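# Examination of the molecular architecture
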Amino acid sequence: MNFGRAFDSVADLYAEVRPGYLPALFDDLVAMGALGPLKAVLEVGCGAGQATEDLARRSGRVVAIDPGERLISNARRGVSAESVSFIVSTFENFDATSASFDLIASAQAWHWVDPEVGFTKAASMLRPDGCLAIFGHVPMMVPEALQPAFRAAFDTYWPGAWGQSPPQSWYLPEGPVSSMVAATRLFRPAEHRGYSWTWTFDPDLFGRYLRTDSSYHVLAEAPRFALFDALSAAIADQGGTYDSAWETHLYVARKA
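Residue positions are given per chain, counting from 1 as you read along its sequence in written order. With pLDDT at 70 or above as the cut-off, local features in this predicted model cover only qualifying residues; side-chain atom pairs require 80 or more to be listed or tallied, and sums for whole chains, interfaces and linings still use all residues. Excluding hydrogens and water, the side-chain values take into account all heavy atoms of the structure.

## Comments concerning the nonpolar core
For clarity, the threshold we go by: As used in this record, nonpolar core signifies buried Ala, Val, Leu, Ile, Met, Phe, Trp, Tyr and Cys residues forming a set joined through side-chain atoms within 4.5 Å. Remark: exposure states derive from per-residue accessible area (1.4 Å probe, protein chains only) relative to the maximum for the residue type, with buried under 20%, exposed over 50%, and partly exposed in between. The secondary structure listing takes helices from DSSP runs of H or I that are at least 4 residues long and strands from runs of E that are at least 2 residues long, numbered from the N terminus. When checking whether two residues touch, look at their non-hydrogen atoms; a contact exists if any pair is within 4.5 Å.
Residues Phe26, Leu29, Leu55, Leu103 and Phe135 are the most contacted members of the largest nonpolar core, which totals 29 residues. Of all the secondary-structure elements, those providing two or more residues to this core are helix H3 (23-31), helix H4 (52-57), strand S2 (61-66), helix H5 (69-78), strand S3 (84-88), strand S4 (101-107), strand S5 (126-139) and strand S7 (242-254). Sequence-distant contacts of phenylalanine 26, defined by excluding residues within four places in its chain, comprise Tyr21, Leu35, Ala51, Asp54, Leu55, Arg58 and Phe135. Among the nonpolar cores identified, the runner-up in size contains 27 residues, and Trp110, Phe119, Leu132 and Val138 belong to it.

Laid out in structure tokens, this is it:
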């Protein structure tokens, strides 16, 4: 199964519950010279448009691509900027003939791009001094009060999974992004920025969010949804809300 394509099966839910990005991240892209009123941007893996509107507000035009037809439909409905063109395509299959961009940005999606293709193709599509920006959200440790109930739920429905680093850890500073960029020798060393924030879940929102997390699709449907219900019930039992700590990490690499 291509877990990256699982998002399109829950496109409406993805549009409703997936968070956007802090304005500070886009302000930093402007300060770095990666965004500006005359900049042409390619957004790789736009999803339902969680970053698209902010990119459009700070650039001249945006071409936003995603392989999910339903996600693209949601993005078209949700993004008001007239300077955005939406295309259903993977980055690998995107027609780059004569394409020229100042910024290629990918929010929570570059880990789905074939590394044997992605960096080389990005460099070929960027204008001189253009930038590649890779960013994503990472959930932090579950609060101590919730850990026993969460662990019991995982032990019941997904034995061995509790305590493993979430797939989103790919975006952490100790993850592979900076070294992957450096290994290509096509870009200057990546600049990193980190942002901390809190997302407050109630049981319903948490269960709905989990249904958009493709990493759970390795589980069969019955234990997957039973796990979601058990985790949501644990939040209800602990007072009904859960302040979840998150970090967002941004990497900006200028074309060499």
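What follows continues from the structure just given.
## Some words on helix H10 (residues 221-237)
The condition is simple: Given the number of residues in a helix, its expected span is that number minus one, multiplied by 1.5 Å. Note: the arc covers the axis-to-C-beta directions of the helix.
Here H10 spans 24 Å end to end across 17 residues, near enough to the 24 Å set by a 1.5 Å rise per residue. Looking only at H10, the buried set comprises Arg224, Leu227, Phe228, Leu231, Ser232, Ala234 and Ile235. Across the axial projection of H10, the buried residues extend over an arc of 150 degrees, all falling on one side. Facing away from the buried side of H10, by more than 90 degrees, are the exposed residues Ala222 and Asp237. Buried residues belonging to H10 abut helix H7 (147-157), strand S6 (191-201), helix H9 (203-210) and S7. Phi turns positive, to about 115 degrees, at glycine 239, one or two residues after H10.

## Things to note about the sheet that holds S5
Note the cut-off: Note on pairing: two strands pair once DSSP finds at least 2 bridges between them. In this analysis an axis means a line fitted to C-alpha atoms, helices contributing only their contacting stretch, and an angle means the value between N-to-C directions, from 0 to 180 degrees.
Spatial ordering of the open sheet is given by S3-S2-S1-S4-S5-S7-S6, a layout of 7 strands whose pairing is mixed. Strand pairing shows two members of the sheet lacking a second neighbour, S3 and S6, which therefore form its edges. When the angles between neighbouring strand axes are averaged without regard to direction, this sheet yields 20 degrees. Bridge count between strand S1 (residues 40-44) and S4: 3 bridges; the pairing is parallel. Among the inter-strand pairings, valine 41 is bridged to a residue of S4, identified as leucine 103. Sheet contacts for H5: S2 and S3; angle to S3, the most-contacted strand, approximately 165 degrees.

## Structural notes on the side chain of glutamine 50
Selection criterion: As used in this structure description, the phrase polar contact means that two N or O atoms lie within 3.5 Å; if the pair is within protein, one of them must be able to donate a hydrogen and the other to accept it, and residues adjacent in sequence are counted only when both atoms belong to side chains.
Inspection of the secondary structure assignment puts glutamine 50 in the loop between S1 and H4. Overall, the relative accessible area of 15% leaves glutamine 50 in the buried class. A distance of 3.1 Å separates a polar atom in the side chain of glutamine 50 from the backbone nitrogen of alanine 48. Contact partners of glutamine 50, with chain neighbours within four places excluded, come to Tyr14, Ala15, Arg18, Pro19, Gly20 and Tyr21.

## Some words on the pattern of salt bridges
Here is the rule: When a carboxyl oxygen of Asp or Glu is within 4 Å of a side-chain nitrogen of Lys or Arg, the pair counts as a salt bridge.
In this structure the tally under the stated criterion is 12 salt bridges. A salt bridge links aspartate 54 to arginine 58; the shortest N-O distance between them is 3.4 Å. Aspartate 229 is paired through a salt bridge with arginine 211; the nearest N and O atoms lie 3.9 Å apart. Taken together, the positions of aspartate 229 in helix H10 and arginine 211 in the loop between H9 and H10 put the pair 18 residues apart, joining distant regions of the chain. On the accessibility criterion, aspartate 229 (47% relative accessible area) is partly exposed. Via salt bridges that share partners, Asp27, Asp54, Arg57 and Arg58 belong to a single interconnected network.

## Structural notes on the pairing of S4
The following threshold applies: Handedness rule for crossovers: strands pointing away from the viewer, path from the first strand over the helix to the second running clockwise, crossover right-handed.
Of all 7 residues that make up S4, 7 are buried, and the element is covered over most of its length. Examined bridge by bridge, S4 and S5 share 6 bridges and lie parallel to one another. From the neighbouring strand, isoleucine 104 faces S5, where its bridge partner is leucine 132. Taking the sense of rotation as the criterion, the β-α-β connection linking S4, helix H6 (residues 115-125) and S5 turns out right-handed.

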